[in-house]
Amino acid sequence: AAGAAPVPDERPALEITNQAVRQLLKMALTSPDAYLWLSRQRADLPWTAFPGGDLIDRAIEAGFDPSRPETIAAWLSTLSDEEEPLVTGIMHDNSPAGDAESAERVALSLRLQAVSSQIDTLTARQRQAGLTRDQAMAILGEINLLQKEKVDLQKRVRDIQLVR
């Protein structure tokens with residue numbers, strides 16, 4: 001009918017709900033030290049598994065200089081119409097920019113979140129009926145390894161905070 005409201009797009013709006021991912025993206029865009037630290041990270045990047053983590057990867061791959069606004073503007077212009085205002089909003093929010101140490105701490109906290117989630121998933125799988133003894137023992141072994149990693153990550157996060 002004439003004058004009817006347009007039908008809204010059915011796709012969900014792009015969101016980055018994980019605060020740590022938002023912080024790392026902001027640091028990549030605003031802090032040369034954090035950008036350098038992030039760019040030196042290699043395999044098993046903790047942010048990649050989270051919504052918005054791909055934007056951090058793309059920012060790092062772009063090779064811009066966070067201290068030169070024109071290089072950031074050039075990269076922002078390559079983003080989609082949905083991504084650009086989201087990233088710009090994160091970049092200009094009122095949170096502190098952070099530095100390499102902050103980026104490391106936030107990345108460790110993301111890895112800690114991922115490990116905790118893996119432990120929860122394996123624990124739920126372990127409780128399933130019908131597992132053979134070997135399957136149950138294999139899952140228990142994975143859980144034990146992840147719990148050791150979790151303790152190590154917690155210690156590393158504390159150590160970074162104590163150094164400050």
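Presented here is a report on the structure given in the accompanying data block.

About the criteria used
Residues numbered from 1 in each chain as written. Predicted model: local features only at pLDDT ≥ 70, side-chain atom pairs only at ≥ 80, totals over all residues. Heavy atoms only, no water. Helix = DSSP H or I, 4+ residues; strand = E, 2+ residues; numbered from the N terminus. Buried < 20%, exposed > 50% of the residue type's maximum accessible area, 1.4 Å probe, protein only. Contact = heavy atoms within 4.5 Å. Polar contact = N/O pair within 3.5 Å; in protein donor to acceptor, adjacent residues only side chain to side chain. Axes fitted to C-alpha atoms, helices over the stretch in contact; angles between N-to-C directions. Parallel < 35°, antiparallel > 145°, perpendicular 65-115°, else oblique. Nonpolar A, V, L, I, M, F, W, Y, C, P; charged D, E, K, R; others polar. Phe/Tyr/Trp six-rings, centres within 6.5 Å; stacked < 30°, edge-to-face > 60°. Salt bridge = Lys/Arg side-chain N within 4 Å of Asp/Glu carboxyl O. Left-handed = near helix turned anticlockwise from the far one by under 90°.

1. Quick notes on the overall build of the protein chain
Each helix and strand counted, the protein chain has seven helices and zero strands in total. In the protein chain, the succession of α and β elements from N to C terminus is α-α-α-α-α-α-α. Within the protein chain, the fraction of its 164 residues that count as buried is 35%. Of the contacts formed within the protein chain by residues at least 6 apart in sequence, a portion of 73% connects residues at least 24 apart.

2. Digging into the side chain of S31
Turning to its location among the elements, S31 is positioned in the loop between α1 (19-30) and α2 (32-39). Looking at S31, its side chain comes within polar contact range of the main-chain nitrogen of A34, at 3.1 Å. A polar side-chain atom of S31 sits 3.0 Å from the main-chain carbonyl oxygen of G98.

3. Examining the packing of helix α4 (residues 69-76) against helix α5 (residues 83-91)
Axis angle and axis distance: for two packed helices, these are the angle between their axes and the distance between the axes, and together they describe the pair. Closest axis-to-axis distance for the α4/α5 pair is 10 Å, and the angle between their directions is 150 degrees. The angle between the axes of α4 and α5 places the two elements in the roughly antiparallel class. Note on element contacts: α5 touches α4 through E84, V87, T88 and M91, opposite I72, W75 and L76. Residue classes in the contact of α4 with α5 are distributed as five nonpolar, one polar and one charged.

4. Brief notes about the packing of aromatic side chains
Evaluation of the coordinates by the stated rule reveals two aromatic pairs. Measuring from centroid to centroid gives 5.1 Å for Y35 and F64, while their planes differ by 40 degrees, and the two rings are tilted. Linking Y35 in helix α2 with F64 in the loop between α3 (53-62) and α4, this pair joins segments that are 29 residues apart in sequence. Accessibility classification places Y35 together with F64 in one group, the buried group. When the ring of F64 is compared with that of W75, the centres are 5.6 Å apart and the planes differ by 45 degrees; the resulting orientation is tilted. Of this pair, F64 sits in the loop between α3 and α4 while W75 sits in helix α4, and the two are eleven residues apart along the sequence.

5. Notes on the pattern of salt bridges
This structure, assessed with the given rule, holds six salt bridges. Close ionic contact of R58 with E83 constitutes a salt bridge, the shortest N to O distance being 2.9 Å. Remark: E83 occurs in helix α5 and R58 occurs in helix α3; sequence separation between them is 25 residues. Taking the relative accessible area as the measure of exposure, E83 reaches 13% and is therefore buried. For R111, the salt bridge goes to E149, with nearest N and O atoms at 2.8 Å. With R111 in helix α6 (residues 100-126) and E149 in helix α7 (residues 133-163), this pair connects stretches of sequence that are 38 residues apart.

6. Concerning the packing of α1 against α2
Relative orientation of the contacting elements α1 and α2 amounts to 110 degrees, with a least axis distance of 6 Å. One finds that α1 runs roughly perpendicular with respect to α2. Two packed elements cross with a definite hand, and for α1 against α2 that hand is left-handed. Here L24, M27, A28 and T30 of α1 lie close against α2, whose contacting residues are P32, A34, Y35 and L38.

Function cannot be read off these values alone, since they describe shape.
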